[in-house]
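A structural walkthrough
Next come the chains, spelled out residue by residue.
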Amino acid sequence: MSVGETYVTVQGRVGSDVEYKDATATKVALASFRLGSTPRYYDRGEGGWMDRPTTWFTVECWRSLAENVKSSLERGQPVMVTGRLKTTEWVDDQGVRQSRTVLDAFSVGHDLTRGTAVYRRNAPAQQSQASSSLDEEMRRLSDTVETAGLNEASPFHPAEQVGDGAVGAVPVGVAGRTDPVAEEVSAGRAKRAA
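Notes on the structure in this doc start here.

What counts, and where the lines are drawn
- Residues numbered from 1 in each chain as written.
- Predicted model: local features only at pLDDT ≥ 70, side-chain atom pairs only at ≥ 80, totals over all residues.
- Heavy atoms only, no water.
- Helix = DSSP H or I, 4+ residues; strand = E, 2+ residues; numbered from the N terminus.
- Buried < 20%, exposed > 50% of the residue type's maximum accessible area, 1.4 Å probe, protein only.
- Contact = heavy atoms within 4.5 Å.
- Areas by Shrake-Rupley, 256 points an atom, 1.4 Å probe, with all protein chains shown as cover.
- 1 Å grid on protein atoms, 1.4 Å probe; cavity = no way out; pocket = protein on both sides within 12 Å on 5 of 7 lines; lining within 4 Å.
- Points joined across faces, edges and corners; volume = space filled by probe spheres on them.
- Nonpolar A, V, L, I, M, F, W, Y, C, P; charged D, E, K, R; others polar.
- Core = buried A, V, L, I, M, F, W, Y, C linked by side-chain atoms within 4.5 Å.
- Polar contact = N/O pair within 3.5 Å; in protein donor to acceptor, adjacent residues only side chain to side chain.
- Phe/Tyr/Trp six-rings, centres within 6.5 Å; stacked < 30°, edge-to-face > 60°.
- Arc of directions from axis to C-beta.

Scanning the protein from terminus to terminus reveals four helices and ten strands. In the protein, which comprises 194 residues, the proportion classed as buried is 20%. At a minimum sequence separation of 6, the contacts of the protein that also span at least 24 residues come to 48%. Per element, the accessible surface of the protein, about 14600 Å² overall, is 50% carbon and sulfur.

We now examine the layout of surface pockets. The space that makes up the largest pocket amounts to roughly 530 Å³. Lining the largest pocket are 18 residues, and of these N68, S72, V118, Y119 and R120 lie nearest its centre. When contributions to the lining of the largest pocket are tallied by element, the ones reaching two or more residues are α2 (63-72) and β8 (97-110). The biggest single contributor to the lining of the largest pocket is α2, with six residues. By residue class, the composition of the lining of the largest pocket is eight nonpolar, seven polar and three charged. Computed from the structure, the second largest pocket encloses a volume of approximately 240 Å³. As for the second largest pocket, its lining consists of Q11, G12, R13, G36, S37, T38, R40, D51, P78, D111 and R114. Those elements giving two or more residues to the lining of the second largest pocket turn out to be β1 (7-14) and β3 (30-37). Of the residues forming the lining of the second largest pocket, the biggest block, three residues, is contributed by β1. Of the residues contributing to the lining of the second largest pocket, the split by class is one nonpolar, five polar and five charged.

Here we take up the nonpolar core. Judged by nonpolar contacts, the single largest core of 18 residues is most densely connected at F33, L35, V59, C61, V69, V81 and V108. Apart from the residues lying within four places of it in its own chain, the contact partners of V108 are C61, L65, V69, L73, M80 and V81.

Once that is clear, we can look at the side chain of S37. Mapped onto the elements of the fold, S37 is located in strand β3. Among the polar contacts listed, one links the side chain of S37 to the backbone oxygen of Q11, at a separation of 2.9 Å. Setting aside anything within four residues of it in sequence, one finds S37 in contact with V10, Q11, G12, P53, T54, T55 and F57.

Looking now at the packing of aromatic side chains. Scanning all chains against the criterion turns up two aromatic pairs. Look at Y7 and F106: their rings are 5.8 Å apart centre to centre, the planes differ by 40°, and that puts the pair in the tilted class. Here Y7, found in strand β1, pairs with F106, found in strand β8; they are 99 residues apart in sequence, far enough to count as distant. Accessibility expressed as a relative area gives 28% for Y7, which makes it partly exposed.

Of the residues making up α2, those classed as buried are L65, A66 and V69. Mapping the buried residues of α2 onto a view down its axis gives an arc of 100°, with all of them on the same face. Counted as exposed and oriented over 90 degrees from the buried face of α2: R63 and S71. Each element contacted by the buried residues of α2 is listed here: β2 (19-21), β3, β6 (55-62) and β8.

Interpretation in functional terms is not warranted from these geometric data alone.
Shown next, in the form of structure tokens:
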């Protein structure tokens, strides 16, 4: 969040078809739609609910949110949109200063107080070969740490039972010493037990 920006959550209905600009043309996917929010109030004189004037927003969604909005929303559906108000200013061909304020969305979802929805998770994005090999290396390192003490070839071996059955791992080469964190935990448990 930035200081001085206006963040809002708007409850309303999709008031137009979703316009989608593909990522290949603009380098970044963009979806936009109109959102109408109509407040209601109870009028005792009339004895019923009345509508106040509708406030209209142009909502812009970028990147993966744009793709999901394109696939999920239809005109008339109730939604909740969270984002920030963003104003763009420019000078038109006649030299007149123009401005436009939009709701730059962070999150868009169906309003479940008005109906049900079904969630479908996106397929994992394809990653480059370099990041794939880094992921594999991190998985191997993670597996090594998780299985520490179970394999003699690992750089860790089991220490001793600590407190309520917690096992501290001690790096090879410092055999005979216990883990300082495990010692503190064990001492703290002993004091509480006494």
